[in-house]
Amino acid sequence: MNRLIDRLSAEHSLPQEDFVQLISSFTPKTAAYAAECARKTAQAVFGNKIYIRGLIELTNFCRNDCYYCGIRRSNRNAQRYRLEKEEILQCTAEGYELGFRTFVLQGGEDPYYTTERMTDIISSIKHQHPDCAVTLSVGEQSRETYQAYFDAGADRYLLRHETADEAHYSRLHPAELSGAHRKQCLRWLKEIGFQTGSGFMVGSPFQTPENLANDLLFLADLKPEMIGIGPFIPHHDTPFAEIPHGSVELTLFLVSLLRLMFPDVLLPATTALGTLDPVGREKGILAGANVVMPNLSPQAVRSKYMLYDNKLATGAESAQHIADLRARFAKIGYEIQIDRGDSPRVKTSN
């Protein structure tokens, strides 16, 4: 197994059958070796710096009905909300004072946020904070809309592909959604010039090691600047309420494999890791991650953006507790970097 990890470190990809073998047969010893290699790889590119992004959850209205998601259209128990422009600008102003230089606007696919509304929000943030990056994570849109976002000043876009296998995708989503279209959206984002992020759930219903291997190979082809993965966690108001959550250990192992595949990628230690493990964020960093995304949303709405049960939004997950986060990272030998944290592949920002 260590031989395969060494090959991945040297060549940055493997044939599908080798990825399947690694995923199917990994042990704590193998994971520890992969994490050690991944840490060295990340430190060679980024040193001991961890980049922070201020997460602003715009809305939990969504036109989609994905079977795993707590804010799915048909969840009648969700307490719906959406933020107005002024509230969003209050969040960015507070975040700037706290030291954030990237803001991530995330939400369900809410038709209220027309192209005009979103471009106004983006340009207003950039006018207010010209030294900051704006990242969007608002789902599948038309190419024209993506272009308008970019022209308004958005720098990055996050859109997890969730699973690269079309048959698996169809078991997680209603018929009106397709994995092929989601991949097309990612290609549009790359063509337009966004720093583009993708990723997948680990341990989602019906997932196989072959699915995960295909996810890695899809990312090898896409070459995103950012990759976000996290363990599947069920929500009680979805069809998958009784499905066990994904493995933290496997997620961390895959974080390490991704770091070896993409030495310069921006790789978050995700909220889902911290939700399932009190030190999941630190474990993610030690497995090769180099980004965290504390929550800047208004306190009154944080508990309503419930993609899965028990999602963290307080404590060290809260942007207001950045000092706590700084201290926790210092204990494992890392420090928070106060800047935009652009991809090393990008020489200039738009």
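So, a few notes on the structure that sits alongside this text. (Residues numbered from 1 in each chain as written. Predicted model: local features only at pLDDT ≥ 70, side-chain atom pairs only at ≥ 80, totals over all residues. Heavy atoms only, no water.)

1. A short note on the overall build of the chain
Here comes step 1: Helices and strands together make up the secondary structure of the chain, namely 14 helices and 9 strands.
Here comes step 2: By the compact-globule yardstick of 20 Å for 350 residues, the chain fits well, its C-alpha radius of gyration being 19 Å.
Here comes step 3: Expressed as a percentage of the 350 residues in the chain, the buried residues total 59%.
Here comes step 4: Taking the contacts inside the chain whose residues are at least 6 apart along the sequence as the reference set, 76% of them involve residues at least 24 apart.
Here comes step 5: Entry remark: accessible area of the chain is about 13,600 Å², with carbon and sulfur atoms responsible for 52%.
Here comes step 6: Where the 38 positive side-chain charges of the chain centre and where its 42 negative ones centre are 3 Å apart. (Helix = DSSP H or I, 4+ residues; strand = E, 2+ residues; numbered from the N terminus. Rg over C-alpha atoms; globule rule 2.2 N^0.38 Å. Buried < 20%, exposed > 50% of the residue type's maximum accessible area, 1.4 Å probe, protein only. Contact = heavy atoms within 4.5 Å. Areas by Shrake-Rupley, 256 points an atom, 1.4 Å probe, with all protein chains shown as cover. Lys, Arg positive; Asp, Glu negative; His and termini not counted. Charge placed at Lys NZ, Arg CZ, Asp CG, Glu CD.)

2. A few points about the packing of aromatic side chains
Here comes step 1: Enumeration according to the criterion identifies 8 aromatic pairs in this entry.
Here comes step 2: An angle of 75 degrees between the planes, with centres 5.0 Å apart, marks the rings of tyrosine 146 and tyrosine 157 as edge-to-face. Of the two residues, tyrosine 146 is situated in helix α6 (residues 143-152) and tyrosine 157 in strand β5 (residues 156-158); the sequence distance between them amounts to 11 residues. Of the two residues examined, tyrosine 146 and tyrosine 157, each falls in the buried class.
Here comes step 3: Taking 6.0 Å as the distance between ring centres and 75 degrees as the angle between the ring planes, the aromatic pair formed by phenylalanine 206 and phenylalanine 240 counts as edge-to-face. Taken as a pair, phenylalanine 206 in the loop between β6 (195-202) and α9 (209-222) and phenylalanine 240 in the loop between β7 (226-231) and α10 (248-261) lie far apart in primary sequence, 34 residues in all. (Phe/Tyr/Trp six-rings, centres within 6.5 Å; stacked < 30°, edge-to-face > 60°.)

3. Focus on the sheet that holds strand β8 (residues 291-292)
Working definition: the strands of a sheet are paired by backbone hydrogen bonds and lie parallel or antiparallel to each other.
Here comes step 1: Pairing is parallel in the open sheet, where 3 strands are placed in the order β8-β1-β9. The open sheet has two free edges, formed respectively by β8 and β9 (335-337), since each of these has just one partner strand. (Pairing = 2+ DSSP bridges.)

4. Notes on the pattern of salt bridges
Opposite charge on two side chains permits pairing when their charged atoms draw close.
Here comes step 1: Considering all chains together, one arrives at 23 salt bridges under this definition.
Here comes step 2: The closest approach of N and O atoms between glutamate 11 and arginine 7, which form a salt bridge, is 3.9 Å. Of the two residues, glutamate 11 and arginine 7 are both situated in helix α1 (residues 2-11); the distance of 4 residues between them amounts to about one turn of the helix.
Here comes step 3: Salt-bridge contacts for arginine 345 lead to glutamate 225; the nearest nitrogen and oxygen are separated by 4.0 Å. Residue arginine 345 is found in the segment after β9, and its partner glutamate 225 is found in the loop between α9 and β7; the two are separated by 120 residues along the sequence.
Here comes step 4: Owing to a relative accessible area of 31%, arginine 345 belongs among the partly exposed residues under this scheme.
Here comes step 5: Via salt bridges that share partners, Lys126, Asp155, Arg156, Arg340 and Asp342 belong to a single interconnected network. (Salt bridge = Lys/Arg side-chain N within 4 Å of Asp/Glu carboxyl O.)

5. Digging into helix α4 (residues 85-98)
Here comes step 1: Over its 14 residues, α4 runs 20 Å from end to end, which matches the ideal 20 Å to within 8%, given 1.5 Å per residue.
Here comes step 2: Turning to α4, its buried residues number three or more, namely Ile88, Leu89, Cys91, Thr92 and Gly95. Down the axis, α4 shows its buried residues gathered within 155 degrees of arc, on one side only. Those residues of α4 that are exposed and angled more than 90 degrees off the buried face are Glu86, Gln90 and Glu97.
Here comes step 3: One or two steps after α4, the chain reaches glycine 99, where phi turns positive at roughly 110 degrees. (Expected span 1.5 Å × (residues − 1). Arc of directions from axis to C-beta.)

6. Observations regarding the pairing of β7
Here comes step 1: Counting buried positions along β7 gives 6 out of 6 residues, so the element sits mostly inside the fold.
Here comes step 2: Examined bridge by bridge, β6 and β7 share 6 bridges and lie parallel to one another. Note that in β7 the partner of phenylalanine 200 across the bridge is isoleucine 229.
Here comes step 3: The parallel pair β6 and β7 is bridged by α9, and the resulting crossover is right-handed. (Right-handed = clockwise from strand over helix to strand, strands pointing away.)

7. Some thoughts on the nonpolar core
Here comes step 1: Core analysis: the largest hydrophobic core is formed by 94 residues, its most contacted members being Tyr146, Tyr149 and Leu254.
Here comes step 2: Tallying contributions element by element places α10 first for this core, with 10 residues.
Here comes step 3: Judged by nonpolar contacts, the second largest core, of 9 residues, contains Val104, Met226, Leu266 and Val291. (Core = buried A, V, L, I, M, F, W, Y, C linked by side-chain atoms within 4.5 Å.)

8. With respect to the packing of α1 against helix α2 (residues 16-25)
Here comes step 1: Interaxial distance between α1 and α2 falls to 11 Å at its minimum, and their mutual angle equals 130 degrees. The orientation of α1 relative to α2 falls into the category oblique. α1 and α2 meet at a crossing whose hand is left-handed. Residue-level inspection shows Leu4, Ile5, Arg7 and Leu8 of α1 in contact with α2, the latter providing Asp18, Phe19, Gln21 and Leu22.
Here comes step 2: Residues of the contact of α1 with α2, tallied by class, amount to 5 nonpolar, 1 polar and 2 charged. (Axes fitted to C-alpha atoms, helices over the stretch in contact; angles between N-to-C directions. Parallel < 35°, antiparallel > 145°, perpendicular 65-115°, else oblique. Left-handed = near helix turned anticlockwise from the far one by under 90°. Nonpolar A, V, L, I, M, F, W, Y, C, P; charged D, E, K, R; others polar.)

9. A closer look at α9
Here comes step 1: In this model, α9 (14 residues) spans 20 Å end to end at C-alpha, consistent with the 20 Å of a helix rising 1.5 Å per residue.
Here comes step 2: Buried residues of α9: Asn211, Leu212, Ala213, Asp215, Leu216, Phe218, Leu219, Ala220 and Leu222, and no others.
Here comes step 3: Note on α9: the residue one or two positions beyond its end, lysine 223, has a positive phi of about 55 degrees.

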